[in-house]
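Remarks on the overall topology
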Amino acid sequence: MDNKEYARILKEISILRQIRGDNHFKIRAYENGARAIENLADPLESLMDEGDITQIEGIGKSLAKELESLRETGVSSVHQELLVELDPGLLDLMKIQGLGPKRIKTLYDELGISNVDLLKEAAESGKIADVEGLGKKTQEKILAEIERLAQSSGRMPLPAARAIAYGVRDKLKEVKGVEAIDVAGSIRRGRETIGDIDILVATSGEPQPIFEAFVTLPEVEEVLVRGDTKTSARLRNGMQVDVRIVRPEQFGAALHYFTGSKEHHVKLRTRAKKMGLKINEYGVFPRDSDTPVASKTEEDLYACLDLQFIPPELREGRDEIDLAEESKVPKLVEASDMLGDLHMHTTETDGRNTILEMVEAAKARNYRYIAITDHSQAVTVAGGMTPNRFEAQIAQIREINQELEDFRIYSGIEVDILKDGSLDMDHDLLRETDWVVASVHSHFNLPKEEMTARVIRAVESGLVHCLGHATGRILGGRDGYDLDIGQVMDACAVHGVAMEINGSTGRLDLNADLARMAHDRGVKIVLTSDAHSTRGLEDLDYALQQARRAGLTKADIMNTAPELSLG
DNA sequence: GCCGTTTTCGGCCCGACTGTTTTCAGTCG
Ligand SMILES: Nc1nc2c(ncn2[C@H]2C[C@H](O)[C@@H](COP(=O)(O)OP(=O)(O)OP(=O)(O)O)O2)c(=O)[nH]1
Ligand SMILES: [Mg+2]
Ligand SMILES: [Mg+2]
Ligand SMILES: [Zn+2]
């Protein structure tokens, strides 16, 4: 069993125990246990083999025993007993907005509702409204939610969600009374998928006109919640947007609250409480005082807790607070550190802009260099280059470089890794060019061993500088190809081959976790945009944010150097 | 159920909004 499976069982136990009405803190222990396993860098089973998994924070004697017996017998007795006592269909009911453990328990006890189909039947025949504590509105809402859930495609990839969020933000920015506005939540933290959009507004005036402007935006389909400090709406594209409004002097504390994560808050607030302080979205308060000791900025908030500042990308409730306590929060790589981009396409293949246009756009981003990496001929849909065309492009770039001052174009290629792991280009040209990215664009369904051997063969070729989009996953699309990424990383480390964090909107590949793992195994990391236009260069920002989530610093990233140095 | 530079027992984040609750539980952020 893999970590995901172990975590899923614990999560299901926590949900079923919630419905049964068990102690909140025991339930949280299962939730925490599930999260702890999800966050592990190594397989739980190898940690079991090596020793004591109660070393893992959040796993104690009881969970360890349960997990070990789960491994041995293939089932968890706690889980099984809950499924028998209750019903596996109840797990789906928790996905319905407005239904929590208490109402689900009531519906199960009173009406025998144990799955979504039965819930729908009961709602349609009006039985829900008759249940004590529920009513007509709840019944209608349940029906609408069941409908919506069937249509919804779940969490949205970060780039798409961020574009929508910035669109709403930019419209609200123009509204009278809006003195400050920021996108918060999982978008600000850079999670690779987004559940909903969270926007914070500061005003010293009346919030209601601003809420009114929000809910009357053309993209708003339905108002879900409308209060004095917060309003939620669903957009026509299905995305939920939560808007929270506070006073300007509370903006920092509120931004911190609205940025999350929830788990970060629970840890931070517990710590504050032990110091005699209370944190809420309005500030940090001494116990029994209404006068905040911090509220204006996030920096103030961490400072008054005797903590180093924790950047949003690290606020996931892992070990960031411990690091901040010891002043060991890494100085994360920043946009201004990025001096070049090493993966992009031009009109020579499937890009929309010329080399010179890409150069101009790169200069506008304050880069000192770029690498042009058009496709090789096996990628026919992109009009990949033959050796002749590639040779001509190398010459062309050499000429352009003569004319450039304070800027360098590296000639390069995104060479296709063919089915057998060989490279789709003349080897002499690969040796002649400055920068070789190698990636897989075909035969995604090879068996794991074959795929791993294929990629490693390319890594070992001595001709490759960087492995492109190593997993091949498409966000909100196909999974990565089946390959042993750990073996690939080790091969990269041994042969001095870098791995990219490809920031192009569909990819984020490597993702933050894998980038961290690669770095820890000694692999050099490159941030790239994989731009197919001048605009596309901006996608490097997504790669940057994933690098930050991975805890990487300027020194960990190759293209923060003033020039390409290939050892 | 987990955990410990105030604890091996006694804590465990904190607040907004909705509805059928006539005084606040449930759900969500
Ligand atoms: N203190 C506290 N804050 C919370 C809690 N739940 C949510 N928040 C805060 C932190 C979250 O980042 C922020 C926005 O909530 P969301 O439900 O939108 O979560 P988030 O944006 O982190 O993830 P998402 O991608 O939307 O699922 O509100 C909670 O239980 N306690
Ligand atoms: Mg959110
Ligand atoms: Mg939200
Ligand atoms: Zn590619």
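Residues numbered from 1 in each chain as written. Chains lettered and ligands numbered in written order. Predicted model: local features only at pLDDT ≥ 70, side-chain atom pairs only at ≥ 80, totals over all residues. Heavy atoms only, no water.

Cut-off, in case you're wondering: UniProt positions are given in the numbering used here, feature names are shortened, and annotations may be inferred rather than shown by experiment.
An unreviewed UniProt entry annotates chain A as DNA polymerase beta originating from Microvenator marinus. Taken verbatim from the UniProt record of chain A, the Subcellular location (unreviewed entry) comment is "Cytoplasm". The UniProt entry for chain A carries the following comment under Cofactor (unreviewed entry): "Mg(2+)".

Concerning the site of ligand 1
For clarity, the threshold we go by: Nearness is defined per residue: one heavy atom within 4 Å of the molecule or strand is enough. In the analysis that follows, any N or O atom pair within 3.5 Å is treated as a polar contact, provided that within protein one partner can donate a hydrogen and the other can accept it, and provided that, for residues neighboring in sequence, both atoms belong to side chains. The accessible surface values rely on the Shrake-Rupley method and a 1.4 Å probe; as for residues, cover is taken only from the protein chains in view. For helices the rule is a DSSP run of H or I covering at least 4 residues; for strands it is a run of E covering at least 2, with both sets numbered from the N terminus onward. Throughout this entry, Asp, Glu, Lys and Arg are counted as charged residues, while Ala, Val, Leu, Ile, Met, Phe, Trp, Tyr, Cys and Pro are counted as nonpolar. The remaining residues, Gly among them, count as polar. The split of the chain into domains comes from an automatic or database domain assignment.
Ligand 1 sits among 15 residues. The nearest are Arg155, Ser186, Gly195, Asp196 and Asp198. One nitrogen or oxygen atom from the side chain of serine 186 is found 2.5 Å from an oxygen atom belonging to ligand 1. Measuring from an oxygen atom of ligand 1, one finds a backbone N or O atom of glycine 260 at 3.5 Å. For ligand 1, the protein covers 71% of the area, taking 600 Å² as the surface of the free molecule. Where the shell around ligand 1 is concerned, the elements lending two or more residues are helix H11 (185-189), helix H13 (251-259) and helix H14 (262-274). Within the shell around ligand 1, the residues separate by chemical class into 3 nonpolar, 6 polar and 6 charged. When residues of the shell around ligand 1 are assigned to domains, at least three fall in each of domain 3 (156-246) and domain 4 (251-325).

A closer look at the sheet that holds strand S10 (residues 340-341)
So the rule is basically this: Only when DSSP finds a minimum of two bridges between them are two strands counted as paired. For this analysis, residues touch if any pair of their heavy atoms sits within 4.5 Å. Each axis is a line fitted through C-alpha atoms, and for a helix only the stretch in contact is used; angles between axes span 0 to 180 degrees, taken between their N-to-C directions.
Judged by pairing direction, the sheet is parallel, and its 7 strands sit side by side in the order S10-S11-S12-S13-S14-S15-S16 without closing on themselves. Each end of this open sheet is capped by a strand with a single partner; those strands are S10 and strand S16 (525-528). Bridge count for strand S11 (residues 369-375) against strand S12 (residues 408-416) is 7 bridges, and the pairing is parallel. Residue pairing in the sheet places alanine 371 in a bridge with tyrosine 410 of S12. With respect to the sheet, helix H17 (residues 355-364) is in contact with S11 and S12, its orientation differing from that of S11 by roughly 145°. The sheet strands contacting helix H23 (residues 540-549) are S10, strand S15 (498-502) and S16, and the helix crosses S16 at an angle near 145°.

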